[in-house]
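# Reading the structure
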Amino acid sequence: LKQGVLPWTGEIPEQVSKALDKRRARRNLAFERTLQRHLHELGFKTISRGKPGDHARLGVPKVTTEIDLVCGRSGDPNIWLVEAKDPVSVYGFAETARELRTFYRDSKTKGRIKPCYATQLSRKESDLKPYVEDIAKELGVASPRDHSAHVLQTLFVTRHLTPAGYWISRPYKVLTEAQFL
């Protein structure tokens, strides 16, 4: 329950489902803020919680979806696009399979395509990648020491180890907060 899920599957009353969704959203937001604080402590400059219409804050012409965190440090060529995830701990095969599908397989529900996490992150990367130097400027990050261009590095950062990080053909790295920092 602390993670915002019930320890069983099946029908859940709508009010309970909404309460669990709110709980998970609060946990994820708390994780994003903790990650941002730790990055600041290590000298990173960050822009967090970018929303559609927030493109000027990032220095890009448009943002089509929420950006959890963009960060970088002066002198470092890497500008990081971070998708912070706090997935529920998994203990069984079915839970592991569900998490892998959530990360890596688009699904169809009621005739609509629900993009998986990797598809969503790909959209964010497409919005930002052509404008990495503009993002670096908005961050206030100096050019790399060797005067080369900045590079957008895109990844998932999770609170704890997750099966998604062990998927062989994953399109993006999946690191724990400790591994990333």
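Anything mentioned here points back to the structure above.
Residues numbered from 1 in each chain as written. Predicted model: local features only at pLDDT ≥ 70, side-chain atom pairs only at ≥ 80, totals over all residues. Heavy atoms only, no water.

## Focus on the nonpolar core
To be explicit about the condition: We define a nonpolar core as any set of buried Ala, Val, Leu, Ile, Met, Phe, Trp, Tyr and Cys residues linked to one another through side-chain atoms lying within 4.5 Å. The classification of residues rests on relative accessible area computed with a 1.4 Å probe and restricted to protein chains. Under 20% of the type maximum is buried, over 50% is exposed, and intermediate values are partly exposed. Helix numbers and strand numbers start at the N terminus; a helix is a DSSP run of H or I with at least 4 residues, a strand a run of E with at least 2. The contact rule is simple, with two residues in contact once any of their heavy atoms fall within 4.5 Å.
Residues L58, V70, I79 and L128 are the most contacted members of the largest nonpolar core, which totals 25 residues. Secondary-structure elements contributing two or more residues to this core are strand 2 (67-72), strand 3 (78-85), helix 3 (93-104), helix 4 (117-128), helix 5 (132-139) and strand 6 (151-158). It is helix 5 that provides the largest number of residues to this core, a total of 4 residues. When neighbours within four sequence positions are excluded, L128 is seen to be in contact with L58, V60, I67, V70, L81, I135 and L152. L69, C71, W80 and A84 belong to the second-largest nonpolar core, a separate cluster that totals 12 residues.

## Digging into the pairing of strand 3
This is how the line gets drawn: Paired strands, in this sense, are two strands between which DSSP finds at least two bridges.
Along strand 3, 8 of the 8 residues are buried, which leaves the element largely enclosed by surrounding structure. Inspection of the sheet shows strand 2 paired to strand 3 by 4 bridges, in the antiparallel sense. Note that in strand 3 the partner of C71 across the bridge is W80. For strand 3 and strand 6, the ladder comprises 8 bridges, and the chain directions are parallel. Residue pairing across strands places V82 opposite L155, the latter belonging to strand 6.

## Concerning helix 5
Short version of the rule: Note that the arc is computed from the directions linking the helix axis to the C-beta atoms.
For helix 5, the complete set of buried residues consists of V132, I135, A136 and L139. The arc that holds every buried residue of helix 5, seen down its axis, measures 100°, which confines them to one face. In the core, the buried residues of helix 5 are packed alongside strand 1 (45-50), helix 2 (55-58), strand 2, strand 3, helix 4 and strand 6.

## Remarks on the pattern of salt bridges
Cut-off, in case you're wondering: For this analysis, a salt bridge means a side-chain nitrogen from Lys or Arg found within 4 Å of a carboxyl oxygen belonging to Asp or Glu.
This model, assessed by the stated rule, comprises 10 salt bridges. A salt bridge links D86 to R27; the shortest N-O distance between them is 3.0 Å. Linking D86 in the loop between strand 3 and helix 3 with R27 in helix 1 (residues 14-41), this pair joins segments that are 59 residues apart in sequence. Exposure remark for D86: the relative accessible area of 12% places this residue in the buried category. Among the ionic pairs, E41 bridges to R37, the shortest N-O distance being 3.8 Å. One end of the pair is E41 and the other is R37, both in helix 1 and 4 residues apart, which spans about a single turn. What makes E41 exposed here is its relative accessible area of 58%. Of the residues examined, R37 reaches a relative accessible area of 45% and is grouped as partly exposed. Here the salt bridges do not stand alone but share partners, grouping E32, R49, K51 and E66 into one network.

## Some points on the side chain of T176
With respect to the helices, strands and loops of the structure, T176 is situated in strand 7 (residues 173-176). The class for T176 is buried, based on a relative accessible area of 10%. Excluding residues within four positions of it along the chain, T176 makes contact with V157, T158, H160 and L161.

## Examining the environment of N78
The condition is simple: Residues adjacent in sequence count toward polar contacts only when both atoms are side-chain atoms; beyond that, a polar contact is any pair of N or O atoms within 3.5 Å, and within protein one must be able to donate a hydrogen and the other to accept it.
Position of N78 relative to the elements: it lies in strand 3. Looking at N78, the relative accessible area reads 19%, which means it is buried. C-alpha of N78 to C-alpha of Q36: the two residues are 42 residues apart in sequence and 16 Å apart in space. When sequence neighbours within four positions are dropped, the list of residues in contact with N78 reads C71, G72, V151 and Q153. In this structure the side chain of N78 is engaged in a polar contact, spanning 3.1 Å, whose partner is the side chain of Q153.

## What to know about helix 4
As a reminder of what qualifies: A helix's residues, less one, multiplied by 1.5 Å, set its expected span.
For helix 4, which comprises 12 residues, the first-to-last C-alpha distance of 17 Å matches the rise-based estimate of 16 Å (1.5 Å per residue) to within 8%. Turning to helix 4, its buried residues number three or more, namely A118, L121, K124, E125, D127 and L128. Packed against the buried residues of helix 4 are helix 2, strand 2, strand 3, helix 3, helix 5 and strand 6.

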